[in-house]
Number of protein chains: 2
Amino acid sequence: MRLVVIGAQAAGLAAASEARRVDPGLEILVLEKGSRISYGACGLPYVVEGQVQSFDQLRVYTPEYFARERRIAIRTGAAVTAIAHPRREVVLGSGERVPYDKLILTLGTRRKLPDAPNVFAMDSWEQVEQLRAELASGRPRRAAVIGAGYVGLEAAGALRTQGLAVSVYESSADVLQRADPWLTQAVTAHLERFGIAVHRHWRGDLPEAGLIVYAAGLLPQTALAADAGVALGATGAIAVTSRGETNLGGVYAAGDCAEVRHRITGRAVWMPLGTTARKTGQIAGGAAAGARAEFGGIVGTSIVRVCGLSVATTGFSPAQARQEGLQPVGVEIRAPDKAAYFGGRPLAVQLVADRKSGHLIGGAIVGEQGVHGRINVLATALTAGMTPEDLAQLDLAYAPADSTVTGPLQIAARQLAKLLH
Amino acid sequence: MRLVVIGAQAAGLAAASEARRVDPGLEILVLEKGSRISYGACGLPYVVEGQVQSFDQLRVYTPEYFARERRIAIRTGAAVTAIAHPRREVVLGSGERVPYDKLILTLGTRRKLPDAPNVFAMDSWEQVEQLRAELASGRPRRAAVIGAGYVGLEAAGALRTQGLAVSVYESSADVLQRADPWLTQAVTAHLERFGIAVHRHWRGDLPEAGLIVYAAGLLPQTALAADAGVALGATGAIAVTSRGETNLGGVYAAGDCAEVRHRITGRAVWMPLGTTARKTGQIAGGAAAGARAEFGGIVGTSIVRVCGLSVATTGFSPAQARQEGLQPVGVEIRAPDKAAYFGGRPLAVQLVADRKSGHLIGGAIVGEQGVHGRINVLATALTAGMTPEDLAQLDLAYAPADSTVTGPLQIAARQLAKLLH
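Chains are numbered independently. Their residues run from 1 in the order of the written sequence. For this description, chains carry letters from A and ligands carry numbers from 1, given in the order in which they are written. Selection of residues for local features in this predicted model requires a pLDDT of at least 70, selection of side-chain atom pairs for listing and counting requires 80 or more, and totals for whole chains, interfaces and linings are taken over all residues. Side-chain calculation: all heavy atoms of the structure are included, whereas hydrogens and water are not.

A.B. asks: Help me out: how do you make sense of the overall build of chain A in this one?
C.D. replies: Secondary structure elements follow DSSP: runs of H or I no shorter than four residues count as helices, runs of E no shorter than two count as strands, and numbering proceeds from the N terminus. Tallying secondary structure elements over chain A gives 13 helices and 22 strands in all. Atoms considered for the radius of gyration are the C-alpha atoms alone. The globule rule reads 2.2 Å times the number of residues to the power 0.38. Over its C-alpha atoms chain A spans a radius of gyration of 23 Å, differing by no more than 12% from the 22 Å that the globule rule assigns to 421 residues. In terms of its C-alpha atoms, chain A occupies a principal-axis envelope of roughly 65 × 55 × 40 Å. Only protein chains enter the calculation, and the probe is 1.4 Å; a residue is then buried if its accessible area is under 20% of its type maximum, exposed if over 50%, and partly exposed in between. Counting the 421 residues in chain A, one finds 56% classified as buried. Expressed as a percentage of contacts within chain A between residues at least 6 apart in sequence, the contacts between residues at least 24 apart total 65%. Computed with the Shrake-Rupley method and a 1.4 Å probe, the accessible areas treat only the protein chains shown as cover for residues. For chain A, the accessible area works out to roughly 16,600 Å², and carbon and sulfur atoms hold 48% of it. A contact between two residues is defined here by any heavy atoms of the two lying within 4.5 Å.

A.B. asks: It is not clear to me how helix H11 (residues 372-383) of chain B should be interpreted in this structure. Could you clarify?
C.D. replies: Because each turn of an α-helix spans 3.6 residues, side chains separated by three or four positions in sequence point in the same direction. Residue and element names in this part refer to chain B. Under the 1.5 Å per step criterion, the end-to-end length of H11 is 17 Å for 12 residues, consistent within 8% with the ideal 16 Å. Counted residue by residue, H11 has 12 buried out of 12 residues, so it is predominantly covered. Listed as buried for H11 are His-372, Gly-373, Arg-374, Ile-375, Asn-376, Val-377, Leu-378, Ala-379, Thr-380, Ala-381, Leu-382 and Thr-383. Count one or two residues on from H11 and you reach Gly-385, which has phi positive near 75 degrees. Each helix should span, by expectation, one fewer than its residue count multiplied by 1.5 Å.

A.B. asks: Is there a simple way to explain the sheet that holds strand S3 (residues 73-75) of chain A in this structure?
C.D. replies: Note on sheets: strands pair through backbone hydrogen bonds, and any given pair is parallel or antiparallel. All names here are of chain A. The parallel open sheet is built from five strands, whose spatial order is S3-S2-S1-S7-S15. Both outer strands of the open sheet, S3 and strand S15 (251-253), are each paired with one neighbouring strand and no more. Neighbour-to-neighbour, the strand axes of the sheet open up by a mean angle of 20 degrees, direction not taken into account. Any two strands between which DSSP finds at least two bridges are classified as paired. Note: strand S7 (residues 102-105) against S15, three bridges, orientation parallel. From the neighbouring strand, Leu-103 faces S15, where its bridge partner is Val-251. Note on definitions: angles span 0 to 180 degrees between N-to-C directions of axes, and those axes are lines fitted to C-alpha atoms, for helices only across the stretch in contact.

A.B. asks: Would you explain unusual backbone geometry in this entry?
C.D. replies: Trans is the prevailing form of peptide bonds, just as negative phi is the prevailing case for residues other than glycine. Residue and element names in this part refer to chain A. The phi angle at Arg-88 is positive, at roughly 55 degrees, despite the residue not being glycine. Relative to the helices and strands, Arg-88 is located in the loop between strand S4 (80-84) and strand S5 (89-92). Here Arg-88 falls in the partly exposed class, since its relative accessible area comes to 33%. Backbone geometry at Cys-307 places phi at a positive 50 degrees, although glycine is not the residue there. The topology assignment puts Cys-307 in the loop between strand S18 (302-306) and strand S19 (309-315).

A.B. asks: In this structure, what is going on with the pattern of salt bridges? I would like to understand it.
C.D. replies: When their charged atoms lie close together, side chains carrying opposite charge are able to pair. We count a salt bridge whenever a side-chain nitrogen from Lys or Arg sits within 4 Å of a carboxyl oxygen from Asp or Glu. For the structure shown, the criterion picks out 27 salt bridges over all chains. For Asp-180 of chain B, the salt bridge is made with Arg-178 of chain B, and the minimal N-O distance between the two is 4.0 Å. You can call Arg-178 of chain B buried: its relative accessible area is 5%. One salt-bridge network, held together by shared partners, links Arg-87, Glu-89 and Arg-97 of chain A.

A.B. asks: For this particular structure, what's the right way to read the interface of chain B and chain A?
C.D. replies: Interfaces are often described in size by the accessible area the parts lose on coming together. Between chain B and chain A, the contact holds 58 residues from the first and 58 residues from the second. Of the roughly 4,800 Å² buried between chain B and chain A, counting both surfaces, carbon and sulfur atoms make up 59%. Reported buried area values correspond to the accessible surface (1.4 Å probe) lost by two parts on association, with both partners' losses combined. Summed over the three residues of chain B that lose the most area to chain A, namely Tyr-341, Gln-393 and Asp-395 of chain B, the buried surface amounts to 16% of that side. Taken together, chain B and chain A are joined by zero salt bridges. Residues adjacent in sequence count toward polar contacts only when both atoms are side-chain atoms; beyond that, a polar contact is any pair of N or O atoms within 3.5 Å, and within protein one must be able to donate a hydrogen and the other to accept it. Run the count over chain B and chain A and you get 20 residue pairs in polar contact (both at pLDDT 80 or more). Of all the secondary-structure elements, those providing two or more residues to the side of chain B that touches chain A are helix H3 (55-58), helix H9 (274-288), strand S18 (302-306), H11, helix H12 (388-393) and helix H13 (407-420) of chain B. Take the side of chain B that touches chain A: its biggest share by element is 10 residues, from H11 of chain B. Looking at the side of chain B that touches chain A residue by residue, the class counts come to 26 nonpolar, 21 polar and 11 charged. For this classification, Asp, Glu, Lys and Arg are treated as charged, while Ala, Val, Leu, Ile, Met, Phe, Trp, Tyr, Cys and Pro are nonpolar and the rest, including Gly, are polar.

A.B. asks: Teacher, can you tell me more about the packing of helix H11 (residues 372-383) of chain A against H11 of chain B here?
C.D. replies: For any two helices packed against each other, one specifies the crossing angle of their axes together with the interaxial distance. In contact at an axis separation of 8 Å, H11 of chain A and H11 of chain B are set at 10 degrees when each is read in the N-to-C sense. Here H11 of chain A lies roughly parallel to H11 of chain B, going by the angle between them. Within the contact between the two elements, H11 of chain A uses His-372, Gly-373, Arg-374, Asn-376, Val-377, Thr-380 and Ala-381 of chain A and H11 of chain B uses His-372, Gly-373, Arg-374, Asn-376, Val-377, Thr-380 and Ala-381 of chain B. Taken together, the residues of the contact of H11 of chain A with H11 of chain B break down into four nonpolar, eight polar and two charged. Geometric relationships in this document are graded by angle, where less than 35 degrees denotes roughly parallel, more than 145 denotes roughly antiparallel, 65 to 115 denotes roughly perpendicular, and other angles denote oblique.

A.B. asks: What am I meant to see in the packing of aromatic side chains here?
C.D. replies: Each aromatic ring pair is characterised by the separation of its centres together with the angle its planes make. Two aromatic rings, drawn from Phe, Tyr or Trp (for Trp, its six-membered ring), form a pair once their centres lie within 6.5 Å of each other, and the interplanar angle then sorts them: stacked below 30 degrees, edge-to-face above 60, tilted otherwise. For the structure on display, the rule yields 10 aromatic pairs over all chains. Pairing Tyr-61 of chain A with Phe-66 of chain A gives two aromatic rings, centres 5.7 Å apart and planes at 80 degrees, and the pair type is edge-to-face. Under the relative-accessibility criterion, Tyr-61 of chain A is labelled partly exposed at 31%. With a centroid separation of 4.4 Å and 15 degrees between ring planes, the pair formed by Tyr-61 of chain B and Tyr-65 of chain B is classed as stacked. Cation placement over rings: the criterion is NZ of Lys or CZ of Arg within 6 Å of the ring centroid and within 35° of the ring normal. Sitting over the face of the ring of Tyr-61 of chain A, Arg-70 of chain A holds its NZ or CZ atom 5.6 Å from the ring centroid.

A.B. asks: What's the story with helix H7 (residues 181-193) of chain B in this structure? I'm lost.
C.D. replies: Residue and element names in this part refer to chain B. An ideal rise of 1.5 Å per residue puts 18 Å on 13 residues; H7 measures up with 18 Å between its terminal C-alpha atoms. For H7, the set of buried residues is Trp-182, Leu-183, Thr-184, Val-187, Thr-188, His-190 and Leu-191. Capping the start of H7, Asp-180 holds a side-chain oxygen 3.1 Å from the backbone nitrogen of Trp-182, two or three residues further along. Remark: Gly-195 follows H7 within two positions and exhibits a positive phi of approximately 80 degrees.

A.B. asks: What am I meant to see in the nonpolar core here?
C.D. replies: Nonpolar side chains in soluble globular proteins tend to end up buried together. Within this scheme, the nonpolar core is defined by two criteria: the residues are buried Ala, Val, Leu, Ile, Met, Phe, Trp, Tyr or Cys, and they are joined through side-chain atoms within 4.5 Å. Core analysis: the biggest nonpolar cluster contains 62 residues, and Leu-351 and Leu-391 of chain A together with Leu-351 and Leu-391 of chain B have the highest contact counts within it. By size, the runner-up hydrophobic cluster in this structure holds 45 residues, among which are Trp-125, Ala-158, Val-175 and Val-304 of chain B.

Okay, here's the thing in structure tokens:
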């Protein structure tokens with residue numbers, strides 16, 4: 001019995017590892033078109049910023065590690081050009097055919113870059129190396145960042161830290177792909193204090209700038225799958241079951257190329273993130289090897305740090321909730337994360353509940369410190385279907401070095417509970 | 001209709017404020033035996049350490065604020081000596097009788113201090129002022145701390161920071177009132193690196209030391225209530241309903257003098273903490289004014305910071321779980337809180353589930369940073385009745401500045417999920 005995994009990044013390696021754990025006897029082969037596996041792509045903006053110096057700092061494991069410790073064979077430089085599912089074979093660029101019994105697709109994303117010499121992306125080590133070389137030349141003085149998603153914002157912060165004049169261009173009305181004027185205002189005001197202009201509703205030609213970082217237009221990589229008859233969902237990503245299986249029996253998909261279920265609406269969504277890639281990879285790998293685990297879905301949690309500000313979201317903003325047919329009731333408060341004598345700083349907290357069900361359905365937290373833990377408490381609470389009153393009553397830890405007695409999240413929850421009554 | 005509240009600290013002021021919110025027409029009088037209200041008692045160890053300089057930094061509100069903004073009358077220096085419930089009157093030390101329709105008892109704790117001139121507690125501003133004066137004299141070179149609960153450990157850290165030789169004496173086998181050899185080992189090893197010796201299983205006379213901080217033997221303050229016929233529970237604290245009502249109709253109790261329900265076992269426990277005091281005060285105040293809210297209970301979450309180490313617990317340790325008749329299955333792991341290139345430091349994580357129900361029932365986290373948010377995620381997960389698999393699948397936020405991709409909590413949850421299968 002042979003499992004072939006296409007792709008050796010977060011989802012592919014998680015899939016292979018879980019398959020090995022479930023079935024010690026399985027033959028496992030991972031095919032990776034690039035030369036490197038398993039690097040921490042989320043650390044790439046910090047290479048530009050200079051906080052990370054070398055690829056080795058981002059590398060987690062080597063092919064040798066997988067061969068030795070997990071009996072997983074990884075072939076790098078192995079580009080798959082076709083899947084012949086009726087014959088249970090994948091075809092490599094060299095013409096070689098590799099048979100499989102079970103197949104897992106972790107194809108990642110693609111981005112169509114404008115064809116101009118000064119345009120860079122931040123999606124791979126190679127691209128970031130080129131960007132670093134251009135920065136080191138000292139030529140670019142002005143940078144334009146296309147796209148105000150989290151990669152774009154991180155890139156903008158990193159380039160500003162390097163001393164460039166930076167402008168961000170976003171086609172929609174809001175940042176971070178979240179219809180939320182409150183959040184957009186908080187983020188853009190902060191960036192403007194650091195001298196980064198954010199142009200929204202942007203249309204037209206590429207701006208004039210010595211350096212352009214293109215962080216827009218991300219799409220799921222699906223051509224190989226679609227050509228083989230794998231069905232895509234309405235989002236354009238690969239449709240999968242809760243066990244990661246596609247419409248083709250024995251063919252699974254995971255990570256950034258696949259849809260996931262949103263826990264709040266039950267609907268299939270496409271929200272590519274490394275955390276989800278690991279989890280869905282693990283589920284698909286287990287399923288391909290015979291395990292019965294299912295993925296419960298996501299709630300859409302993310303955090304980004306830019307110019308010293310952490311911006312975190314989970315669930316839906318009020319506007320997003322309305323688009324989903326929910327009846328959002330929200331509060332927005334400001335409160336310090338801890339006492340002033342312990343270096344407390346203000347946190348802005350948004351909480352959203354659904355009037356009909358009474359459940360928490362989203363929120364956002366913005367501030368210099370204390371954001372990560374709090375957004376995760378909120379993500380946990382809304383996954384559990386808690387109400388604002390439930391959140392306000394939670395027995396959370398307090399010490400003066402960490403929080404105020406009630407804390408910003410529970411202050412907001414208390415206010416929202418009152419609004420719902 | 002007049003509400004009288006006895007005690008103007010966390011629970012009493014929360015009760016009065018919520019009663020005012022629920023019933024704008026209520027007459028509200030708060031009687032406080034001391035001269036100060038509403039100070040942050042949890043900040044007192046930091047006064048000893050020198051991080052907090054004055055009382056004003058801990059003070060939250062004044063009586064004038066409550067009178068002006070909330071129409072709540074507060075009388076300080078008003079010691080209640082008896083409650084004549086059949087007549088609906090409280091009796092003050094002066095002999096004055098104050099009538100009430102509803103009564104809320106927030107009596108706090110008491111501690112029987114050994115009668116020796118060099119013994120101090122950390123329970124009030126006055127005691128801490130005396131301790132500071134003694135420290136300022138330069139006489140004490142060696143300090144002994146009696147009790148390794150969180151007040152004792154904070155005091156030990158503060159005194160060590162002031163340059164004294166410090167030993168801690170604890171009568172039980174473990175620190176932080178938690179039967180848990182794993183946690184005790186982690187904490188004592190850290191303290192010993194800072195030159196603080198921890199003597200457990202301690203019995204006998206007070207140790208020889210220039211200065212003794214007594215942080216043991218805390219009890220609920222109940223005499224006034226018991227004398228009036230208010231029933232105490234098996235823990236020795238005042239027994240209350242989920243709305244904070246005692247056995248006497250119209251008499252409520254909240255904060256450190258009252259029992260609370262433990263969410264995991266459903267049993268009444270006594271765990272005095274400022275966070276719980278605020279919540280139970282609010283419930284009792286609302287109930288006395290006619291609201292219907294109920295308190296769901298606690299899970300026993302706390303955090304303490306000592307010598308740069310944060311030590312946080314929630315739910316039960318394996319030994320405690322066995323005492324409660326549960327069937328604990330636990331894991332203990334070490335993993336960095338974030339990438340080394342972002343200043344990551346090791347975290348020690350313990351997770352405990354119940355084999356029978358499959359639910360998470362406890363855990364502990366120890367480390368220099370990233371502890372507070374993670375213990376709160378765990379507290380939220382176990383309040384929701386999540387399993388380790390549920391915790392491992394949670395959609396938590398990731399950025400390199402905040403965490404590793406999977407994070408220590410979910411690494412531990414994954415391992416525990418495997419043990420349960």
